[in-house]
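Descriptive structure summary
Here's the letter readout for the chains.
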Amino acid sequence: MKAINISKFLLFAVLSLVFTACVQDDDYDVPNSLGEEQPLPEGAQVISISAVTAQADQSDGGQFTFEETNDFMEGYVISSDRAGNFFRELILQDKPENPTAGIKVMLFVNPLYTSYEVGRKIRIDLNGFTVGTSNGVYSLGIPDGNFIDEAPAQFQDKIYRSAEVAQIVPLPLTIGEFSDEYENMMIQLENMQFTRGDINNNVTYAGESSDEFDGERTIESCETGASTTFSTSTFADFASLPLETGSGTVNAILSRNFEDSMFVISV
């Protein structure tokens, strides 16, 4: 199997389009002025991501707003908006390795990577937040009809940084194993490649004239031929770069497309 051609730009700018065994490539530091540990208020009760999403499952209409609570949701950051492929959102999972739950936190703040790097454990004061779904995945923000929208920028004050920065170990999956239970988690797909037709035609990640908001490219297993969709924002720094050639391992976040009609992976 031909080794993937890893561009220097992608290694520098992108979290996990690595096509190698690398998990994270964070060559920047969060400013020391932020401090290492932000202690929680007295009486705070730390709860899991699954406990938060369960509230949406159990509520009429699929949404639940936290009010007058001491609950703080805990999770590990697995997304980075450094390269522009994530925007005003943090993706969290409950454990650095073998996660069981994940959630998207929607916040009107950009950038976020300068405060919450990949692997950082954070705790979120849930007061005022609403949990529900946005584009088919569990999300935390404010309600907008049947959807969850970005919480105002002042909600950033509800995020407490822990001193812990863990190594995120992607969860090994096959495309055939994709299901709702793995959404908003860092997964690992082995022996993957972009289609020969796209490579031969020098197709970019999201720089084609037909790409409006996201570029959606087919990526397939070298072993089984099973395929899924690799999604890239047209605002990503690497949108106009040609797709990587060769084959290898992909570490990415499993999600749904805007219409909630199919699974997609993003880095």
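Here we summarise the structure given alongside this text. Bear in mind that the values here come from a model prediction, so they are computed numbers and not experimental data.

1. A look at the nonpolar core
As a rule of thumb, nonpolar side chains are buried together in soluble globular proteins. Membership of the largest hydrophobic core comes to 25 residues, with the highest contact counts inside it found for Val52, Met73, Leu90, Leu92, Ile103, Ile124 and Leu140. Among the elements of the structure, α2 (49-58), β3 (71-77), β4 (89-93), β5 (102-106) and β6 (120-125) are those that each provide at least two residues to this core. Considering every element that reaches this core, the biggest residue donor is α2, with three residues. Those residues in contact with Met73, other than ones at most four positions away along the chain, are Ile47, Ser48, Ile49, Val52, Leu92, Ile103, Val105, Ile122, Arg123, Ile124, Leu126 and Leu140. Membership of the second largest hydrophobic core comes to 24 residues, among which are Phe178, Phe230, Ala236 and Phe238.

2. Comments concerning α2
Along α2, the residues classified as buried are Ile49, Val52, Thr53 and Ala56. Viewed end-on, α2 has its buried residues packed into an arc of 90°, placing them on one side of the element. Exposed residues pointing more than 90 degrees away from the buried face of α2 are listed as Asp57 and Gln58.

3. Looking at the side chain of Thr195
Note on placement: Thr195 falls in the loop between β12 (186-194) and α3 (196-200). If near-sequence neighbours (up to four positions away) are discounted, Thr195 is found in contact with Thr218 and Glu220.

4. Digging into the pattern of salt bridges
Opposite charge on two side chains makes pairing possible when the charged atoms of those side chains draw close. Enumeration according to the criterion identifies 10 salt bridges in this entry. As a salt-bridge pair, Arg88 and Glu150 come within 3.7 Å of each other at their nearest N and O atoms. Placement of the pair is Arg88 in the loop between β3 and β4 and Glu150 in the loop between β9 (147-149) and β10 (159-165), with a sequence separation of 62 residues. Counted as one network, the salt bridges with shared partners bring together Glu37, Glu74, Lys121, Arg123 and Glu164.

The rules we used
Along each chain, residue indices are assigned from 1 in the same order as the chain's sequence is written. A pLDDT threshold of at least 70 governs which residues receive local features in this predicted model, and a stricter bar of 80 or more applies before side-chain atom pairs are shown or counted, although totals over entire chains, interfaces and linings include all residues. In computing side-chain properties, one takes all heavy atoms of the structure into account and sets aside hydrogens as well as water. Only buried residues count toward a nonpolar core, which is a set of Ala, Val, Leu, Ile, Met, Phe, Trp, Tyr and Cys residues joined through side-chain atoms within 4.5 Å. Throughout this description, buried means an accessible area under 20% of the type-specific maximum (1.4 Å probe, protein chains only), exposed means over 50%, and partly exposed covers the range between. In this description a helix means any DSSP run of H or I spanning at least four residues, a strand means any run of E spanning at least two, and both kinds are numbered starting from the N terminus. In this description, contact between two residues means that some pair of their heavy atoms is separated by no more than 4.5 Å. Comment: arc refers to directions from the helix axis out to C-beta atoms. What counts as a salt bridge is simple: a side-chain nitrogen of Lys or Arg found within 4 Å of a carboxyl oxygen of Asp or Glu.

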